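Summary of structural features
Here's the letter readout for the chains.
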Amino acid sequence: RKVIHHEAKAYDGYSMKYQAYDFLALRTFSKRGTTTGVGSRVGCGKESDIIHVEDENGTEAILKLQRLGRCSFRSVARNRDYKNGKDRRGASWFYLSRLAAQKEFAFMKMLYDEGFPVPKPIDQNRHAVVMEYINGVLLNNIQTMLEAQEVYERALKLMVKLAEHGLIHGDFNEFNIIITEDLKVIMIDFPQMVSTDHPNASELFDRDVKNLTDFFLRRFRIPTPYYPKLEKDITRTAALDRLAMASGHFTKKMQAEMDQLLKEQERGGHTEESDLEGDAESADEDETPSEGSVDVPDDEDATAVAKVHRTAEEIAAAKSKRRAEMRVLQRPTGDVEEELAEPEEEEEEE
């Protein structure tokens, strides 16, 4: 598969593809021992690929590769908050995918440590997250269920418990819920998670409740639907939203930057194919996780990134030179000869 995209115009331009970014993340996981074998793809969504992997001990795990920008921006914007943040020009979907992976890993780790039913987070690098393999079935793939009302109420209680701890999933539906053999409800997919202090918190909570209830009514014909409200029925008992931002894995600054970048991508209409510059900006991450973060630069990646940056600078210089030549060619002959002639040295006046 193609890992480098080449454009032949007035100059030669190259951009890294998602498959090359996958290789960099997999190389890191391989060195750490968290992913040494890759199996088949078990899921494919608008914004991610889910792959069956195993570690150096042969233990099964799941690898999630973020794919922001693979489809149109609208599918990303619907489930993402993009309000404020520092301006950052020339950012690519690679960088946004890395931020999404960092956020997912941070929230999954925090929820797992707090006892919520989520997969155990194992490792994260660049746009990739390795997590525990859950032996269960995606709710959307279940056609019949005798205990549908019981499972529905468990899922709804989980949503309410999450809100009581200061968090709203933001995409709590049949595609992000796994049901185990003993009817446990496991939730997945956390990049769009927001705080209950968010300006649109009530709207997002109501949407999650409606999506879940509508699915159980449509698929399983449950007898008793419920529609809890954030303001009336939820009493906050914890502040996991603030804890997550203070953990160091995903900070408020990262969230603000991610929000602003998504807004810029909406205005610019970028896709994976249009990222010619800045794609390697987020590729300079290391194989050794550090405290509070799992990505730091190493010499080998830094050298590769430096080459890409030099190429980008050469492309910009070639553009500038070409524009200057075109301006010269459009002038009258006398002006061209005068500009192309070497300037004479001026005599110094005493």
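Figured I'd write up the structure that's included with this text.

Cut-offs used in this document
Residues numbered from 1 in each chain as written. Predicted model: local features only at pLDDT ≥ 70, side-chain atom pairs only at ≥ 80, totals over all residues. Heavy atoms only, no water. 1 Å grid on protein atoms, 1.4 Å probe; cavity = no way out; pocket = protein on both sides within 12 Å on 5 of 7 lines; lining within 4 Å. Points joined across faces, edges and corners; volume = space filled by probe spheres on them. Helix = DSSP H or I, 4+ residues; strand = E, 2+ residues; numbered from the N terminus. Nonpolar A, V, L, I, M, F, W, Y, C, P; charged D, E, K, R; others polar. Axes fitted to C-alpha atoms, helices over the stretch in contact; angles between N-to-C directions. Parallel < 35°, antiparallel > 145°, perpendicular 65-115°, else oblique. Contact = heavy atoms within 4.5 Å. Phe/Tyr/Trp six-rings, centres within 6.5 Å; stacked < 30°, edge-to-face > 60°. Buried < 20%, exposed > 50% of the residue type's maximum accessible area, 1.4 Å probe, protein only. Lys NZ or Arg CZ within 6 Å of the ring centre and 35° of its normal. Pairing = 2+ DSSP bridges.

A word on the layout of surface pockets. If you add up the space inside the largest pocket, you get close to 1,200 Å³. In terms of lining, the largest pocket is formed by 43 residues, of which the most central are Ile50, Leu138, Phe175, Asn176 and Ile188. Listed by contribution, the elements that provide at least two residues to the lining of the largest pocket are strand S3 (37–44), strand S4 (48–54), strand S5 (60–66), helix H3 (93–113), strand S7 (128–132), strand S8 (136–138) and helix H5 (201–220). Residue composition of the lining of the largest pocket, by class: 16 nonpolar, 14 polar and 13 charged.

Here we come to the packing of helix H4 (residues 148–164) against H5. In a pair of packed helices, the angle between the axes and the distance between the axes together describe the arrangement. At a closest axis distance of 11 Å, the pairing of H4 and H5 adopts a crossing angle of 175°. Viewed along their axes, H4 and H5 adopt a mutual orientation that is roughly antiparallel. Contact residues: H4 offers Ala148, Val151, Tyr152, Ala155, Leu156, Met159 and Ala163, while H5 offers Phe205, Asp208, Val209, Leu212, Thr213, Phe216 and Phe220. Here the residues of the contact of H4 with H5 are counted per class, giving 12 nonpolar, 1 polar and 1 charged.

All chains considered together, the criterion is met by 7 aromatic pairs. Judged by centre distance (4.8 Å) and plane angle (20°), the rings of Tyr21 and Phe94 are stacked. Remark: Phe94 occurs in helix H3 and Tyr21 occurs in helix H1 (residues 18–32); sequence separation between them is 73 residues. In this pair, the class of Tyr21 matches that of Phe94, namely buried. Where Phe215 meets Phe220, the ring centres are 5.8 Å apart and the plane angle is 85°; that geometry is what we call edge-to-face. A network of ring pairs unites the aromatic residues Tyr152, Phe215, Phe216, Phe220 and Tyr226 as a single cluster. Between Lys161 and the ring centre of Phe116, over which it is positioned, the NZ or CZ distance is 4.8 Å.

Take Phe215: it is sitting in helix H5. Classification of Phe215 as buried rests on a relative accessible area of 1%. As for Phe215 and Leu139, which are separated by 76 residues in sequence, their C-alpha atoms are 9.8 Å apart. When residues no more than four places from it in sequence are discounted, the contact partners of Phe215 are Leu139, Asn140, Glu174 and Phe220.

Ordered in space as S3-S4-S5-S7-S6, the 5 strands form an open sheet in which the pairing is antiparallel. Both edges of this open sheet fall to S3 and strand S6 (121–125), since each of them pairs with a single strand only. For this sheet the average axis-to-axis angle between neighbouring strands, irrespective of direction, equals 25°. Summarising the sheet, S4 and S5 pair through 7 bridges and their orientation is antiparallel.

So, to be careful, I would describe these as geometric facts and stop short of saying anything about function.
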